[in-house]
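Secondary and tertiary structure notes
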Amino acid sequence: TDDSVRVTVDGQVVIDNWKSHAATINNSPALNFATGSRHSILIEYRDLLGRAVMRLKWLKPGATSAAAVPTVRLYDK
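A brief report on the enclosed structure follows. For clarity, every value in this text was computed on a predicted model and none was experimentally measured. (Residues numbered from 1 in each chain as written. Predicted model: local features only at pLDDT ≥ 70, side-chain atom pairs only at ≥ 80, totals over all residues. Heavy atoms only, no water.)

Once that is clear, we can look at the side chain of Asn17. Its place among the elements puts Asn17 in strand β2 (residues 12–17). When its relative accessible area of 13% is taken as the criterion, Asn17 is described as buried. Within the local environment of Asn17, its side chain forms a polar contact with the side chain of Asn26, the two groups lying 2.7 Å apart. Not counting chain neighbours up to four residues away, the residues in contact with Asn17 comprise Asp3, Ser4, Val5, Thr24 and Asn26. (Helix = DSSP H or I, 4+ residues; strand = E, 2+ residues; numbered from the N terminus. Buried < 20%, exposed > 50% of the residue type's maximum accessible area, 1.4 Å probe, protein only. Polar contact = N/O pair within 3.5 Å; in protein donor to acceptor, adjacent residues only side chain to side chain. Contact = heavy atoms within 4.5 Å.)

Structure, rendered in structure tokens:
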């Protein structure tokens, strides 16, 4: 993100970097989910000045680098 971000998963805040900052990587702790399960994700983001950046990525088990979460894995309630 570039500026502020807060990410909540299933009601638990997993990233809380709600201060102005240059582009940075914000990592959550490892989250383990059962295959096929659905979870609530809330992303709060704000851009104050300059360039806006916000990306949601995941690191799947066995992967060595994070990848964008595919839109087919995102659901609207």
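Considering only enclosed or pocket space, the largest pocket measures out at about 1900 Å³ in volume. In this structure, the largest pocket is lined by 45 residues; those nearest its centre are Phe33, Ile41, Lys57, Trp58 and Val69. Secondary-structure elements contributing two or more residues to the lining of the largest pocket are β1 (4–9), β2, β3 (41–46) and β4 (57–58). Classifying every residue of the lining of the largest pocket by side-chain character gives 26 nonpolar, 11 polar and 8 charged. (1 Å grid on protein atoms, 1.4 Å probe; cavity = no way out; pocket = protein on both sides within 12 Å on 5 of 7 lines; lining within 4 Å. Points joined across faces, edges and corners; volume = space filled by probe spheres on them. Nonpolar A, V, L, I, M, F, W, Y, C, P; charged D, E, K, R; others polar.)

Let us now look at a nonpolar patch on the surface. Judged by side-chain polarity, Ile41, Met54, Leu56 and Leu74 come together as a nonpolar surface patch covering roughly 310 Å² of accessible area. Turning to its location among the elements, Leu56 is positioned in the loop between β3 and β4. (Patch = residues over 30% accessible without salt bridge, like charges linked within 9 Å, V, L, I, M, F, W, Y side chains within 5 Å. Areas by Shrake-Rupley, 256 points an atom, 1.4 Å probe, with all protein chains shown as cover. Salt bridge = Lys/Arg side-chain N within 4 Å of Asp/Glu carboxyl O.)

The next thing to look at is the sheet that holds β2. In spatial order, the strands read β2-β1-β3; together these 3 strands make up an open sheet with antiparallel pairing. The open sheet has two free edges, formed respectively by β2 and β3, since each of these has just one partner strand. Direction aside, neighbouring strands of the sheet carry axes that sit 10 degrees apart on average. (Pairing = 2+ DSSP bridges. Axes fitted to C-alpha atoms, helices over the stretch in contact; angles between N-to-C directions.)

Here the focus is the nonpolar core. Val5, Val7, Val9, Val14 and Ile15 form the largest nonpolar core, which has 5 residues in total. Taken together, the elements giving at least two residues each to this core come down to β1 and β2. In terms of residue count, the dominant contributor to this core is β1 (3 residues). Ignoring sequence-local partners within four residues, the contact set of Val14 consists of Val7, Thr8, Val9, Asn27, Ser28, Pro29 and Leu31. (Core = buried A, V, L, I, M, F, W, Y, C linked by side-chain atoms within 4.5 Å.)

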